[in-house]
Amino acid sequence: MGKIAVYPGSFDPITFGHIDIVGRALECFDGVIVAIATDSQKNTLFTVEERVEMARLGLREKPDVVVESFQGLLVDYVARTKATVILRGLRATSDFDYEFHMASTNKSLNENVETLFMMASKDFCFVSSRTIKEVASLNGSVKGLVPECVERKLKERFEAMRKKSQR
Ligand code: ADP
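These lines cover the structure that appears in this document, whether it is placed above or below. The model shown is predicted, which means the values in this text are computed figures rather than measured ones. (Residues numbered from 1 in each chain as written. Predicted model: local features only at pLDDT ≥ 70, side-chain atom pairs only at ≥ 80, totals over all residues. Heavy atoms only, no water.)

1. Focus: the pairing of strand 2 (residues 31-37)
Then, in step 1: In terms of residue burial, strand 2 counts as a mostly covered element, since 7 of its 7 residues are buried.
Then, in step 2: Because side chains alternate across strand 2, one face comprises the buried residues Gly31, Ile33, Ala35 and Ala37, and the other comprises Val32, Val34 and Ile36, equally buried.
Then, in step 3: Note that strand 1 (residues 4-9) and strand 2 share 6 bridges and pair parallel. Bridging across to strand 2, tyrosine 7 finds its partner in valine 34.
Then, in step 4: Assessed by its sense of winding, the connection that carries the chain from strand 1 through helix 1 (residues 16-25) to strand 2 is right-handed.
Then, in step 5: Pairing analysis gives 6 bridges linking strand 2 to strand 3 (residues 65-70), with the strands arranged parallel. Bridging across to strand 3, alanine 35 finds its partner in glutamate 68. (Buried < 20%, exposed > 50% of the residue type's maximum accessible area, 1.4 Å probe, protein only. Helix = DSSP H or I, 4+ residues; strand = E, 2+ residues; numbered from the N terminus. Pairing = 2+ DSSP bridges. Right-handed = clockwise from strand over helix to strand, strands pointing away.)

Next up, the structure:
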């Protein structure tokens, strides 16, 4: 078995920023597992099934990528996959504190698992799932920032929410 990295997150929804990280990680690893957290602390817009489906569609052209959901502790999931690397993306210094704490916590839970960080590309360093949702909720265009299937799904979701609130 080659060297596999687990790229965890809530991916609510997947963006071209995430996809860029996966593509670049494939230059360094033999495979990447995109691991979508079921027990996200965040109040997600999409269900875990929807997030997995969008990520699979968005990544379908990349070889050696598996998308699945996971429950429970990330380090336990990583150990089950037999991977030894957690991959995270870093956009700005504002990501650093949280990521530093998470990496330290995961290291103390399982010292065999290493967290590696990849800097966001300059084209996507301002892209986050949160701002994508904000823009889409206000009917703004997110073209070029997320795959088309995500664009469609955001449109549908916010239109349904607007209709519901008008009732
Ligand atoms: P979480 O909900 O676990 O914070 P996200 O689903 O928002 O994670 O993102 C998963 C990982 O991808 C995180 O490490 C995050 O910093 C990183 N990431 C998110 N957006 C980008 C981007 N535009 N460029 C690079 N990395 C990113």
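2. Topic: the pattern of salt bridges
Then, in step 1: Within this structure, the stated rule accounts for 9 salt bridges.
Then, in step 2: Residue lysine 107 pairs with glutamate 114 through a salt bridge whose shortest N-O separation is 3.0 Å.
Then, in step 3: Since its relative accessible area comes to 30%, lysine 107 is described here as partly exposed.
Then, in step 4: Taken together, the shared-partner salt bridges in this structure form one network comprising Glu50, Lys153 and Arg157. (Salt bridge = Lys/Arg side-chain N within 4 Å of Asp/Glu carboxyl O.)

3. Digging into the side chain of lysine 133
Then, in step 1: Summarising the element assignment, lysine 133 is placed in helix 5 (residues 129-137).
Then, in step 2: When neighbours within four sequence positions are excluded, lysine 133 is seen to be in contact with Asp12, Pro13, Leu45, Leu154 and Phe158. (Contact = heavy atoms within 4.5 Å.)

4. Description of the site of the ligand
Then, in step 1: Neighbouring residues of the ligand: 17 residues in total, closest Tyr7, Ser10, Lys42, Gly89 and Phe124.
Then, in step 2: Glycine 89 is positioned such that a nitrogen or oxygen atom in its backbone is 2.7 Å from an oxygen atom of the ligand.
Then, in step 3: Take phenylalanine 124: an N or O atom from its main chain is 2.8 Å from a nitrogen atom of the ligand.
Then, in step 4: With the chains in place, 92% of the 550 Å² that the ligand exposes on its own is no longer accessible.
Then, in step 5: With respect to the detected pockets, the ligand is housed in the largest pocket.
Then, in step 6: Elements that contribute at least two residues to the shell around the ligand include exactly strand 1, helix 1, strand 4 (85-90) and helix 4 (93-109).
Then, in step 7: Taken together, the residues of the shell around the ligand break down into 7 nonpolar, 5 polar and 5 charged. (Near = heavy atom within 4 Å. Polar contact = N/O pair within 3.5 Å; in protein donor to acceptor, adjacent residues only side chain to side chain. Areas by Shrake-Rupley, 256 points an atom, 1.4 Å probe, with all protein chains shown as cover. 1 Å grid on protein atoms, 1.4 Å probe; cavity = no way out; pocket = protein on both sides within 12 Å on 5 of 7 lines; lining within 4 Å. Sits in = over half its atoms within 2 Å of the grid points. Nonpolar A, V, L, I, M, F, W, Y, C, P; charged D, E, K, R; others polar.)

5. Focus: the environment of phenylalanine 11
Then, in step 1: Tracing the sequence through the fold places phenylalanine 11 in the loop between strand 1 and helix 1.
Then, in step 2: C-alpha separation for the pair phenylalanine 11 and alanine 136, spaced 125 residues apart in sequence, amounts to 16 Å.

6. Some remarks on the packing of aromatic side chains
Then, in step 1: This model, assessed by the stated rule, comprises 4 aromatic pairs.
Then, in step 2: For the ring pair tyrosine 7 and phenylalanine 11, a centre distance of 5.2 Å and an interplane angle of 85° mean the geometry is edge-to-face.
Then, in step 3: For tyrosine 7, a relative accessible area of 5% corresponds to the buried category. (Phe/Tyr/Trp six-rings, centres within 6.5 Å; stacked < 30°, edge-to-face > 60°.)

7. Quick word on the layout of surface pockets
Then, in step 1: Looking at the largest pocket, its volume works out to about 1300 Å³.
Then, in step 2: In terms of lining, the largest pocket is formed by 48 residues, of which the most central are Gly9, Ser10, Lys42, Arg88 and Tyr98.
Then, in step 3: Taken together, the elements giving at least two residues each to the lining of the largest pocket come down to strand 1, helix 1, strand 4, helix 4, strand 5 (114-119) and helix 5.
Then, in step 4: For the lining of the largest pocket, the leading source of residues is helix 4, giving 9 residues.
Then, in step 5: Across the lining of the largest pocket, the residue classes break down as 21 nonpolar, 18 polar and 9 charged.
Then, in step 6: As a volume, the second largest pocket reaches approximately 220 Å³.
Then, in step 7: Every residue lining the second largest pocket is listed: Phe16, Ile19, Leu57, Gly58, Arg60, Glu61, Lys62, Pro147, Glu148, Cys149 and Arg152.
Then, in step 8: Contributions of two or more residues to the lining of the second largest pocket are made by helix 1, helix 2 (48-58) and helix 6 (148-166).
Then, in step 9: Tallying contributions element by element places helix 6 first for the lining of the second largest pocket, with 3 residues.
Then, in step 10: Residues that form the lining of the second largest pocket fall into these classes: 5 nonpolar, 1 polar and 5 charged. (Points joined across faces, edges and corners; volume = space filled by probe spheres on them.)

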